[in-house]
Amino acid sequence: MSSSDRFGLEEIPANSTQVRPARALASRRKPDFDVSGGNRVLTLRGVLDDLVAAGLVARAPADELLRRAPTEDARQPHVLETIAKAELVSARPPHRVLGIEDLTAWLAERCGLPYLRIDPLKVDVASIGELVTAAYAKWNRILPVALTPQKAVFATCEPYLDEWVSELQQVLKRQIERVVANPRDIDRYRREFFGVSRSMRGARAVHDGASLGLQNLEALVELGKGGSLDASDSHIVYLVDWLLQYAFEQRASDIHLEPRRDAGNIRFRIDGVMHSVCQIPPVVMAAVTSRIKILGRMDVAEKRRPQDGRIKTRTTEGSEAEMRLSTMPTAFGEKLVIRIFNPEALQQDLGLLGFEAEEAAAWSEMTSQAHGIILVTGPTGSGKTTTLYSTLSRLATPDVNICTVEDPIENLVPALNQMQVNHGIGLDFASGVRTLLRQDPDIIMVGEIRDLETAEMAVQAALTGHLVLSTLHTNDAPSAITRLLDLGVPHYLINATLIGVLAQRLVRTLCPHCKATVAADADLWASLVTPWQLPVPARIAKPVGCVECRNTGYYGRAGLYELLRLTPGLRESMTREVDEPRLRAQALEHGMRPLRISGAHKIAAGLTSFDEVFRTAPMRSG
């Protein structure tokens, strides 16, 4: 029996004006705000009177809002939304405007229920549609947010409308627990989650029931075969559109679609940490992957070899977003990773990237040189691309010609002339640089120096009067010089062309909504900054965790930087046999500030924590 049959309700579209059951309508016509309970809805007059009685709102603005408010109707916005839209100022210090979350938290305390800020990443989207219908949830203004064998948790914005509780307890055979949540979130996520759940059920109904899981894991030639669900099915189109927009809203940098035997996993990487989103049936996962491959102009029929693609779309705010696709065959089908590039993030001011004023000035001076090589180093995911694109965007004035050779092109920038490496036709980094030298460039960006031939072409470009920017994968700035020597670049050419090296890492920044200050641990501080003589800060910030940061204590990321400039003194010490520890010691003597000292400054400024700096910055760098 379906949920709608259980409750005697038919599925009602969101914009429907269909008459509701008479019993429910009758119970909701009671206009008074009665704190004693009962099956009653909130009214504007009742809530305002209670806010005035609690000393949160003055009588005059409450009466003015009542005078201007339209006649109460079920089709009008929720009472809390109406009050929040009026921007009433709290009568209590610090006298700030009462937002809808403030009002929701007050309502939860008023009625004795827990307050919940819904985190959509912690809701099992696929299963909530199995509990109640979308129409039933809409009529009662509820949303299922958690389910265990013993209980079901429902968010509500009508805490005194409780007739549905006994109904659901009888049907679900579980204890019903209520929490109070923002009415906007309930309405929004109800539409989204039930839409996703409905699309999953619809997709499974279209399919004939065959599983895409492999019967024999060793039969690799059968990867991805089976199933007949069309990737252009409306249910699949809806799921993909929702997934991409959802990732934009959650600030995800990567989307992972991971096929498994029984269910496919969808996960987001947010601020460098993986978060589970939902699980979907294998047949739906395969169709979603195919749909995304179609959007990325990839070969949908080819499932046995890795492929790359890209998508350009728009976010809910209307800004453009670039996405890079990568597939990989696994035992249960194709794994797909979508890397999201925000064009605005790739063209930020150096200060927003985490550069301090002194570092930004030194970096700007280095990149304003007419010729030479500048290297950005760090592991994958350390922000090298963002730094390079932000720098190139600043240098891309009408009087210069900037050309790049990349693998792949991370972000399309109109002011740059960008070339894609294509190994299938012999177009690698070295041959790409050779081509760019015939394009009359002023500045050349090489995606990565991986071999001697590419390094030699970069040196040649610098010697012939071009500014070359590139990346290396090394742990710190001095290691970049020894890496070039290991590749076979003569020390005298490094001495003649290298301007400097920027090593970097990304640390999570503390959530501004919940971080707390504590007394600094002198021992921890000493272990971080020794032998540098930095004074111990009186107080530092620590992570706490709240709904804004998903209880991680961190929100966003910033860079740690280690800038090595080849001063005349360092050039004199450059020999064929460079000892890396000695080179590092000399660089420190000539003004290089190691990564962990950059981290110490951010700790002292209250931007990050000891744990983050110790986790990301190599302790040998200094």
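Residues numbered from 1 in each chain as written. Predicted model: local features only at pLDDT ≥ 70, side-chain atom pairs only at ≥ 80, totals over all residues. Heavy atoms only, no water.

The protein chain is annotated in an unreviewed UniProt entry as Type II traffic warden ATPase of Thiorhodovibrio winogradskyi. As its UniProt record puts it under Sequence similarities (unreviewed entry), the protein chain is described as follows: "Belongs to the GSP E family." (UniProt positions renumbered as here; feature names shortened; annotations may be inferred.)

**A word on the sheet that holds strand β5 (residues 264-270)**
Spatially, the six strands line up as an open sheet ordered β6-β5-β4-β9-β8-β7, and their pairing is antiparallel. Both edges of this open sheet fall to β6 (273-280) and β7 (307-314), since each of them pairs with a single strand only. On average, each strand axis in the sheet is inclined to that of its neighbour by 20 degrees, with strand direction left out of account. Note: strand β8 (residues 320-330) against strand β9 (residues 333-341), nine bridges, orientation antiparallel. Within the sheet, the bridge partner assigned to Arg324 lies in β9 and is Arg339. (Pairing = 2+ DSSP bridges. Helix = DSSP H or I, 4+ residues; strand = E, 2+ residues; numbered from the N terminus. Axes fitted to C-alpha atoms, helices over the stretch in contact; angles between N-to-C directions.)

**Some words on unusual backbone geometry**
That bond from Asp407 to Pro408 is cis: its omega, -5 degrees, falls within 30 degrees of zero. In this chain, Thr530 is followed by Pro531 through a cis amide linkage whose omega measures 10 degrees. One can find Pro531 in the loop between α20 (522-529) and β17 (539-542). With a phi close to 60 degrees, Asn551 is a non-glycine residue in the positive phi region. Note on placement: Asn551 falls in the loop between β17 and β18 (554-565). A residue is classified by how much of its surface remains accessible, and Asn551, at 51% relative accessible area, is exposed. (Buried < 20%, exposed > 50% of the residue type's maximum accessible area, 1.4 Å probe, protein only.)

**A few points about the side chain of Glu359**
By the secondary structure assignment, Glu359 is in helix α14 (residues 357-367). Here the side chain of Glu359 touches Glu356 through a polar contact of 3.0 Å, landing on its backbone nitrogen. Within the structure, Glu359 has its side chain in polar contact with the side chain of Arg593 (distance 2.5 Å). (Polar contact = N/O pair within 3.5 Å; in protein donor to acceptor, adjacent residues only side chain to side chain.)

**Notes on the pattern of salt bridges**
In this structure the tally under the stated criterion is 35 salt bridges. Among the charged side chains, a salt-bridge network with shared partners connects Glu101, Arg117, Asp185 and Glu548. (Salt bridge = Lys/Arg side-chain N within 4 Å of Asp/Glu carboxyl O.)

**Quick look at the packing of aromatic side chains**
Scanning all chains against the criterion turns up eight aromatic pairs. Judged by centre distance (4.6 Å) and plane angle (25 degrees), the ring pair of Trp242 and Tyr246 falls under stacked. Of this pair, Trp242 and Tyr246 both sit in helix α11 (residues 234-249), four residues apart, which is roughly one turn of the helix. With respect to class, Trp242 is no different from Tyr246; both count as buried. Relative to Phe614, the ring of Phe610 lies with its centre 6.2 Å away and its plane at 20 degrees, an arrangement referred to as stacked. Of this pair, Phe610 and Phe614 are both found in helix α24 (residues 610-616), four residues apart, which corresponds to roughly one turn of the helix. Phe610 gets classed as buried once you look at its relative accessible area, which sits at 8%. On the basis of relative accessibility, which here comes to 29%, the residue Phe614 falls in the partly exposed class. Through a chain of ring-to-ring contacts, three or more aromatic side chains come together here, namely Trp242, Tyr246 and Phe268. (Phe/Tyr/Trp six-rings, centres within 6.5 Å; stacked < 30°, edge-to-face > 60°.)

**Some remarks on the UniProt feature "domain: Bacterial type II secretion system protein E" (unreviewed entry) in the protein chain**
Per the UniProt record, the feature "domain: Bacterial type II secretion system protein E" (unreviewed entry) sits at residues 437-451. Along residues 437-451 one finds 0% helix and 27% strand; the C-alpha atoms at either end are 19 Å apart.

**Looking at the nonpolar core**
Ranked by size, the top nonpolar core spans 65 residues in total, and within it Phe154 and Phe268 carry the most contacts. For this core, the element with the highest residue contribution is α11, accounting for nine residues. Judged by nonpolar contacts, the second largest core, of 40 residues, contains Leu427, Val459, Leu570 and Leu583. (Core = buried A, V, L, I, M, F, W, Y, C linked by side-chain atoms within 4.5 Å.)

**Some points on the pairing of strand β13 (residues 443-446)**
Covered by surrounding structure in β13 are Ile443 and Met445 together with Ile444 and Val446, the residues of both alternating faces. Sheet analysis places strand β11 (residues 402-406) next to β13, joined by four bridges and oriented parallel. Of the residues in β13, the one forming a bridge with Val405 is Val446. For the crossover from β13 across helix α17 (residues 452-463) to strand β14 (residues 467-472), the handedness is right-handed. (Right-handed = clockwise from strand over helix to strand, strands pointing away.)

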